[in-house]
Amino acid sequence: MAEFTPTVPARVLPSVTVRDLPEPPRSTWRTIGPGLVGAGVGLASGEFILWPYIASQVGLIFIWGAAIGIITQWFLNMEIERYTLATGETALTGFSRMWKHWGLVFVLMTLCSNLWPGWVTTSATMVTYLTGSGAGSVRWIAIGMLIVIALGLTLAPVIYTALERVIFVKIALVATLAVVAILFAINAESWVELGKGLSVGAGFPVPPLEFAVLMGAIAYAGAGGGQNLCQSNWIRDKGFGMGLYVPRLVSPVTGHEEAAASTGFQFAPTKENLARWRQWWRFANVEQASTFALVSFVTIALMSMLAYSTVFGKSGLANSIGFLQVEGQVLQDVVGTWFGVLFWVIGALALFASAMGIVDYTSRLASDTIKTVYLRDKNVSVNRVYFYTVWAMALVGIVILLLGFDQPLILLVFSACFAAVMMFVYSILLIILNRRSLPEAIKVRSYRLGALVWSVAFFGTLTVIVVVQQAQNLFGVS
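Residues numbered from 1 in each chain as written. Predicted model: local features only at pLDDT ≥ 70, side-chain atom pairs only at ≥ 80, totals over all residues. Heavy atoms only, no water.

> In this structure, what is going on with the overall build of the protein? I would like to understand it.
Counting its regular elements, the protein contains 19 helices and two strands. A sequence separation of at least 24 residues applies to 85% of the contacts in the protein between residues at least 6 apart. (Helix = DSSP H or I, 4+ residues; strand = E, 2+ residues; numbered from the N terminus. Contact = heavy atoms within 4.5 Å.)

> What am I meant to see in the packing of aromatic side chains here?
The way to describe two aromatic rings as a pair is by their centre distance and the angle between their planes. Going through the model one piece at a time under the given rule, you end up with 22 aromatic pairs. Their ring planes at 40° and their centres at 5.4 Å tell us that W338 and F339 sit as a pair that is tilted. Judged by its relative accessible area of 44%, W338 falls in the partly exposed class. Ring-pair connections join several aromatic residues into one group, and the members of that group are F95, W99, W102, F106 and Y426. R19 extends its terminal NZ or CZ atom over the ring of Y245, reaching a point 3.6 Å from the ring centre. The ring of F265 carries R19 above its face, with NZ or CZ at 5.5 Å from the centroid. (Phe/Tyr/Trp six-rings, centres within 6.5 Å; stacked < 30°, edge-to-face > 60°. Buried < 20%, exposed > 50% of the residue type's maximum accessible area, 1.4 Å probe, protein only. Lys NZ or Arg CZ within 6 Å of the ring centre and 35° of its normal.)

> Where do I start with helix α7 (residues 118-131) in this structure?
Residue pairs spaced three or four apart in an α-helix point in one direction, given the helix's 3.6 residues per turn. With 14 residues, α7 should reach 20 Å at 1.5 Å per residue; the first-to-last C-alpha distance of 20 Å fits that figure. Within α7, 11 of the 14 residues are buried, which leaves it mostly tucked inside the rest of the structure. Taken as a whole, α7 has its buried residues at G118, W119, V120, T121, T122, S123, A124, T125, M126, T128 and Y129. Where α7 ends, the next residue or the one after it, G132, has phi of about 80°, a positive value. (Expected span 1.5 Å × (residues − 1).)

> Explain the packing of helix α4 (residues 63-87) against helix α5 (residues 91-98) here, please?
Taken N-terminus to C-terminus, the directions of α4 and α5 make an angle of 80°; their axes are 9 Å apart at the nearest point. If you check the angle between α4 and α5, you find them roughly perpendicular. Judged by residue contacts, I80, Y83 and T84 of α4 engage A91, G94 and R97 from α5. The class makeup of the residues in the contact of α4 with α5 is three nonpolar, two polar and one charged. (Axes fitted to C-alpha atoms, helices over the stretch in contact; angles between N-to-C directions. Parallel < 35°, antiparallel > 145°, perpendicular 65-115°, else oblique. Nonpolar A, V, L, I, M, F, W, Y, C, P; charged D, E, K, R; others polar.)

> Can you walk me through α4 in this structure?
Helix length check: α4, at 25 residues, gives a terminal C-alpha distance of 37 Å against a target of 36 Å (1.5 Å per residue), a fit within 8%. Most of α4 sits out of view: 22 of its 25 residues are buried. Directly beyond the C-terminal end of α4, a positive phi value near 80° is found at G88.

As structure tokens, then:
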């Protein structure tokens, strides 16, 4: 065919390099990972806190919202991955090619969402349930956790590999808890209610739950906000598609830094490359569906059923994160002391691993954007920018905790609402990016394009309703 001219715009950033698409993996088992990392990091605010909290208050009537949220995010993740598979660049770099500062806008929104250390304070709170220490020790435990997270992320030779191992251990622990819960704690009624709750016609929760809590649960069903965007970074470090040509993120202290190109690649749509593309695209879809989507929904369902079986309808149950303490105590009474302790131990470890993943993906998004767009010609590696960002996040989180902002549920609802706003905006940009920047043969179309339009309408509507509701609360307007 004639010489190929890249379709990726080069007005803001340098043009991409034309290279053939790498061969798909022969052993797909070794390539599975990014979807599990995405699900594992997401096994926190939604699966362990917000959805079980909803179940503790109103039952399983709203579980259909989790299914809608996860399916929507699966489509979003695949469109984020589409651009990276085809170019080796992250979605944020693609957005920055349309307008220089789009990447920075999303980095700042992700930082605003994740600087509030809601996940690490929840993990610390569950530690106090185990130790019997007072609520005043939560912030000091959380501060210690932030320091451990920063050390772990900045001293690992290959950061993605270290994170993947932590998340795999976490998923194994949560799976163990789920199996034990099914055998000893989840009652027959909860299975019946789960079936009813999967019907959209089951109903919509009413007070005492605010719409902001429900919106946060949908936004964090699976992943949410900047975490979805980081699928680009994770599949690139795993070597998916054109990402194989990009060096992995390493520690500037213990790793071996490589000179990385600040921009990506694009393949000519030849018969051979398109055949490889179809295999990569099929594998990426299956990997996301069988790991991210399946693990996320099963965990939400089981953790919600566990909350329903133990604390739903219990008088005097606080509308706060304290329901996890009551749930653990009920499990001790109904099943045995060992199970209540197991619930808190795995919960604390799982939420700690999620906090580690959240610091990682926020720092990845920030370092990639800062290096690619603003420090492209400077003699500083993306690894060092990542190092500084991780420690800056840890230090800001410590300051927030020292100032007394240590209420987990409030921080998580705030973060989740911010995530929904982000998802509304980048759903629009994904339509533009994957329609204009890719060759005709691989651009988004048909029902996948419809899914992005649905995502825009869905998260846009939720955003408007919550903004109006919070404005009414703030100004006392009924």
